[in-house]
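Observations on chain architecture
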Amino acid sequence: MRLVGDRTDLTPRQVHARADTPGRARAWAELLRLPALFTVPGDALAGAAATGVRPNHRTLLAIGSSLCLYEAGMALNDWADRDEDAVERPHRPLPSGRIHPAAAFTAACAFTAGGLALAARAGRPALAVAAPLAATVWAYDLALKHTPAGPLAMGLARGLDVLLGAAATAGRTRDALPSAAILGSHTLAVTTVSRQETQGGSPLAPLAALVTTACLSGLLTRAHPARESAETSPDSPARTSRPSLRLPAGRVTAAVLGLPGATTPTTPATPSPLPTILATAYAATTARPYFHATLNPSPPLTQRAVSGGIRAMIPLQATLAARSGAPVTALLTAALAPLARRFARKVTIT
């Protein structure tokens, strides 16, 4: 008698493969750092917000491209460091034998191709940014990681990721350069700390990261005048369809009804507290672990500081979107933070 679903015709190898499926899935989740994936979409969204153009289908393609290139970097990183990890981190998927090195390298190539293909679908400006981004990822993992240029390369990669969102959404990147510089600076600081997460080291790296966080937080909480939307700029094709965006609501109503007061100045709108709230969340996510690592730069505290720095990218991205006048995008980005925290409890983020 055979119960429904009881496969007695499976070979021993197939039975073993079935039983090991959860273990293989977890190994790939560790290799690809799945919790860190939640820190990626905010790059493209922050870049899109900086241009003043609403997110569109090309923004989604940019996010997909970013995710693929990020995962390519994760897989290639462990492939390149497999000998080093065999000594310092033998529990990782490659040195522990749970994933074959050839499979990791193949995944890196496939993710890179997928990321470039999605960028190409988003348009030539997006591909023009995605190509050097992919080259930076491969150069970092294969040549620059253990050199003084390593942190700079990582900062450049994160900045290019922001520009990718701007290029795909609006076809231009100039407006997103400040946001790219801020996220790149944060990434440079986190990467510098991560270089001593396995053996510990000097307190100078976490201290420098703490100072960087303080400077960026101060910059982000500084009064920021409302940014004129790209839809109202002279070179925007959407300007003719929504000219009223340049006028306060009271003046628009008076003008439409033909009433006096159409040109009467109105009281400036009160600045939104959202950027300050999000900037505070950014500082709170990093300050404590950086401070602890400064006092005691041991491997466990340094790893905790790196994890906090990675997760802090989400409120930082949300802050940049809010400062660019995109509160909905900012809130959607910020909503990724609890998801990243939840998954980080199951799979390490570093």
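Residues numbered from 1 in each chain as written. Predicted model: local features only at pLDDT ≥ 70, side-chain atom pairs only at ≥ 80, totals over all residues. Heavy atoms only, no water.

Our next topic: the overall build of the chain. The secondary structure content of the chain amounts to 16 helices and zero strands. Burial statistics for the chain: of 350 residues in total, 45% are counted as buried. Of the roughly 17700 Å² of accessible surface on the chain, a fraction of 64% belongs to carbon and sulfur atoms. (Helix = DSSP H or I, 4+ residues; strand = E, 2+ residues; numbered from the N terminus. Buried < 20%, exposed > 50% of the residue type's maximum accessible area, 1.4 Å probe, protein only. Areas by Shrake-Rupley, 256 points an atom, 1.4 Å probe, with all protein chains shown as cover.)

Helix α4 (residues 57-80) packs onto helix α3 (residues 41-51) with a crossing angle of 145° between their chain directions and a minimal axis gap of 8 Å. Seen along the crossing, α3 lies across α4 with a hand that is right-handed. Between α3 and α4, the residues in contact are P41, A44, L45 and A48 and T59, A62, I63 and L67, respectively. (Axes fitted to C-alpha atoms, helices over the stretch in contact; angles between N-to-C directions. Left-handed = near helix turned anticlockwise from the far one by under 90°. Contact = heavy atoms within 4.5 Å.)

The interhelical angle for the contact between α4 and helix α8 (residues 150-170), taken along N-to-C directions, is 155°, at an axis separation of 8 Å. Accordingly, the angle class assigned to the pair α4 and α8 is roughly antiparallel. Between α4 and α8 lies a crossing of right-handed hand. When α4 is examined against α8, the residues R58, T59, A62, S65, S66 and Y70 are found in contact with a partner set consisting of R158, D161, L164, G165, A168 and T169. A class-by-class count of the residues in the contact of α4 with α8 yields four nonpolar, five polar and three charged. (Parallel < 35°, antiparallel > 145°, perpendicular 65-115°, else oblique. Nonpolar A, V, L, I, M, F, W, Y, C, P; charged D, E, K, R; others polar.)

In this section: the packing of aromatic side chains. All told, the structure shown has three aromatic pairs when counted by the stated rule. Residues F38 and F343 carry aromatic rings whose centres are separated by 5.4 Å and whose planes lie at 35° to one another, so their mutual orientation is tilted. In this pair, F38 sits in the loop between α2 (21-31) and α3 while F343 sits in helix α16 (residues 336-344), placing the two residues 305 residues apart along the sequence. The partly exposed category is assigned to F343, whose relative accessible area is 37%. (Phe/Tyr/Trp six-rings, centres within 6.5 Å; stacked < 30°, edge-to-face > 60°.)

Among soluble globular proteins, nonpolar side chains are generally buried collectively. Residues L133, L164 and L220 are the most contacted members of the largest nonpolar core, which totals 35 residues. Residue contributions to this core peak at eight residues, all from α8. Non-local contacts of L133, meaning those with residues more than four positions away in its chain, are made with L69, A157, L160, D161 and L164. Of all hydrophobic cores here, the second largest spans 16 residues; its members include Y70, M74, A205 and Y290. (Core = buried A, V, L, I, M, F, W, Y, C linked by side-chain atoms within 4.5 Å.)

Bringing the side chain of Q196 into the picture now. Within the fold, Q196 resides in the loop between α9 (177-194) and α10 (204-221). The buried category is assigned to Q196, whose relative accessible area is 13%. Separated by 2.8 Å, the side chain of Q196 and the backbone oxygen of S202 make a polar contact. Contact partners of Q196, with chain neighbours within four places excluded, come to G201, S202, A205, P206, P297 and T302. (Polar contact = N/O pair within 3.5 Å; in protein donor to acceptor, adjacent residues only side chain to side chain.)

What follows deals with α10. For α10, spanning 18 residues, the distance from its first C-alpha to its last is 26 Å, which sits close to the expected 26 Å at 1.5 Å a residue. Those residues of α10 lying buried are A205, P206, A209, T213, L216, S217 and L220. Down the axis of α10, the smallest arc covering the buried residues is 110°, so these residues share one side. In α10, the exposed positions that point more than 90 degrees away from the buried face belong to L204, A214 and C215. Taken together, the buried residues of α10 touch α9, α12 (274-295) and α14 (313-323). (Expected span 1.5 Å × (residues − 1). Arc of directions from axis to C-beta.)

Put simply, the chain has an average pLDDT of 84, and 80% of its residues get 70 or more. Least confident of the elements in the chain is helix α11 (residues 249-257), whose mean pLDDT is 39; most confident is helix α6 (residues 101-122), at 98. Low pLDDT, under 50, characterises residues 1-19; the predicted model gives this stretch four contacts beyond four residues in sequence or across chains. Counting contacts from residues 225-265, a segment whose pLDDT is below 50, to residues more than four positions away or on other chains yields 40 contacts. (pLDDT = per-residue confidence, 0-100.)

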